[in-house]
Structures are given as C-alpha cells and as structure tokens.
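The chain contents come next:
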Amino acid sequence: MLALQGDFREHREMLEEMGHATFEIRKPSQLEGLDALIIPGGESTTIARLILSNGFQAPLRAFCASGRPTWGTCAGAILLARHVDRLDRPGIETMNISVQRNAFGRQVDSFEADLEVDGVDGPPFRAVFIRAPLILSVSYPARAISTLADGTIVAARQGNLLATSFHPELTHDNRLHALFLTIGDTRGGGK
Ligand code: GLN
C-alpha cells in the first residue's frame, strides 16, 4: 500500500485476511520487490503533494509500466488518471481515464450502490462511495468495467491498472481485491 495518506490500513487488513503479506510504502526504494500496489482513498491533493515531495512520481510511473497490478481506489483512482478536473498538481497520470473529483454533489457525498463488475462473479457488489470521483470518460486501452444504473462509470481497467471510484476495502466483500491480484501483465508495458 502506498501509505502517504488515506485508508491504506483497511486495504491491508483485507489482504492480510486473504492470506497475503502487505507492506506500508513510504519511500520509493520500498517499491522494489513488491508484487502489486494499492493507492488508497484519502485526499488526492494531499497524496499528490506527498508523491511529489517524496520523489515518488517517476518510480510510481515505472511501477505502473512494469506490468504489476496497481489499483487506485477513490483518491487513488484520481491519481492514476491522465486527466483530472480540479487537481492542482500532477498525479501519476498513467491511465487513459478522465476523472471529475467530488462529482456527486453535497447531498449525496456518501452513498452505497449495488454494482455489476466485469470479472466479478456472483451477486452484485455493494459499493461504498465517499466524496467520490466519477470517471467521465475512458479511452483505449482503458475500458469501463462497472457503471451505476444511470451509466456513470465507476470502475475502469487498463491492463494491469485498476481504478475504482468506490471503496471495496470498507466492505466485507473481498472479490475486488481477489480480482486485483489476478491482473498482472508479466509481459510488461501495462497495456
Ligand atoms: N474527495 C477526495 C479527493 O478528491 C477523494 C475521496 C476519497 O478518497 N474517499 O481527493
């Protein structure tokens, strides 16, 4: 987990319950040897600032390009996007998605919805949205893998990269975490 700010502990707990070893990453050198990386939800401007001030931008771009599974949830999805509405400094800018921050308005800052997600079998996934971004558009090689009933895109995948505008780590359903661990591209390139 990138552990600069946000809810990385909840992701850790879920993956540890699934039997995986997890680590809190606070220095770029700690990325070496990792099989997969989660960029958690939190406050995207804060995480972006800490990415820049800790020299993480180039190492994170290289990690994403290495083909290893990389997943951004909520603020993490904002940081993976190439285009973000109202982010005052660059993130990692690696996924071909365009994201709007705090897109669901004040009355519905937080809500839950049942989603169908490509690659997730079984009943709908109960998704928790907290001051969530929405994915305005997705272009090749990224593709939408889940939408709300009104067609709003809330999850996307681009090879080894996954972005969700909701927080699977805050539920007791580990199917998204299980999917994440399968999306590596050992050929590299991250496409
Ligand atoms: N609103 C936050 C942001 O734009 C994201 C919220 C979240 O990660 N739950 O950074």
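Residues numbered from 1 in each chain as written. Predicted model: local features only at pLDDT ≥ 70, side-chain atom pairs only at ≥ 80, totals over all residues. Heavy atoms only, no water.

### Re the packing of aromatic side chains
Right, on to step 1. Tallied over the full model, the rule gives six aromatic pairs.
Right, on to step 2. Here the aromatic rings of Phe111 and Phe129 are separated by 4.5 Å at their centres, their planes lie at 5°, and the arrangement is stacked. Of this pair, Phe111 sits in strand β5 (residues 110-115) while Phe129 is found in strand β6 (residues 125-130), placing the two residues 18 residues apart along the sequence.
Right, on to step 3. A relative accessible area of 0% means that Phe129 is categorised as buried.
Right, on to step 4. Aromatic pair Phe125 and Phe166: ring centres 6.1 Å apart, planes at 45°, arrangement tilted. Placement of the pair is Phe125 in strand β6 and Phe166 in the loop between β10 (161-164) and α5 (175-180), with a sequence separation of 41 residues. With respect to class, Phe125 is no different from Phe166; both count as buried.
Right, on to step 5. In textbook terms, an aromatic cluster arises when at least three aromatic residues are bridged by ring pairs, as seen for Phe104, Phe111, Phe125, Phe129 and Phe166. (Phe/Tyr/Trp six-rings, centres within 6.5 Å; stacked < 30°, edge-to-face > 60°. Helix = DSSP H or I, 4+ residues; strand = E, 2+ residues; numbered from the N terminus. Buried < 20%, exposed > 50% of the residue type's maximum accessible area, 1.4 Å probe, protein only.)

### With respect to the site of the ligand
Right, on to step 1. Near the ligand you find Gly41, Gly42, Glu43, Ser44, Cys74, Ala75, Ile78, Arg101, Asn102, Ile130, Arg131 and His167, and these make up its full shell.
Right, on to step 2. At 2.9 Å from an oxygen atom of the ligand is found a main-chain nitrogen or oxygen belonging to Gly42.
Right, on to step 3. Between the ligand and Ile130 there is a distance of 3.0 Å, counted from a nitrogen atom to a backbone nitrogen or oxygen.
Right, on to step 4. Protein contact buries 93% of the 300 Å² of open area that the ligand shows by itself. (Near = heavy atom within 4 Å. Polar contact = N/O pair within 3.5 Å; in protein donor to acceptor, adjacent residues only side chain to side chain. Areas by Shrake-Rupley, 256 points an atom, 1.4 Å probe, with all protein chains shown as cover.)

### What to know about the side chain of Ser98
Right, on to step 1. You can see Ser98 is positioned in strand β4 (residues 95-100).
Right, on to step 2. Ser98 has contacts with His83, Leu134, Ile135, Leu136 and Ser137, leaving out every residue within four places of it along the chain. (Contact = heavy atoms within 4.5 Å.)

### With respect to the pairing of strand β9 (residues 153-158)
Right, on to step 1. Summarising burial for β9: five of the six residues are buried, a large majority.
Right, on to step 2. With four bridges joining them, strand β8 (residues 143-147) and β9 adopt antiparallel strand pairing. Pairing of Thr147 across the sheet is with Ile153, part of β9.
Right, on to step 3. Counting the residues that bridge the hairpin from β8 to β9 gives five residues, and of these Gly151 lies at a positive phi of roughly 95°.
Right, on to step 4. Sheet analysis places β9 next to β10, joined by four bridges and oriented antiparallel. By the bridge assignment, Ala156 is partnered in β10 with Ala163.
Right, on to step 5. Hairpin geometry of β9 and β10 is characterised by an intervening segment of two residues between the two adjacent antiparallel strands and by a positive phi of about 60° at Gly159. (Pairing = 2+ DSSP bridges.)

### Considering unusual backbone geometry
Right, on to step 1. Cis geometry is adopted by the peptide bond preceding Pro141, which originates at Tyr140 and carries an omega value of 10°.
Right, on to step 2. Along the polypeptide, Pro141 turns up in the loop between β7 (134-138) and β8.
Right, on to step 3. Even without a glycine there, the phi angle at Glu93 is positive, about 55°.
Right, on to step 4. Of note in the backbone geometry, Asn102 takes a positive phi value of approximately 45° without being a glycine.
Right, on to step 5. With respect to the secondary-structure elements, Asn102 resides in the loop between β4 and β5.

### Looking at the state of the cysteines
Right, on to step 1. For the structure shown, the criterion picks out zero disulfides.
Right, on to step 2. Here Cys64 stays unpaired: no disulfide links it, and the sulfur of Cys74, its closest cysteine neighbor, is 17 Å away.
Right, on to step 3. Overall, Cys64 belongs to the buried group, its relative accessible area being 2%.
Right, on to step 4. According to the relative accessible area criterion, Cys74 is buried, its value standing at 4%. (Disulfide = S-S within 2.5 Å.)

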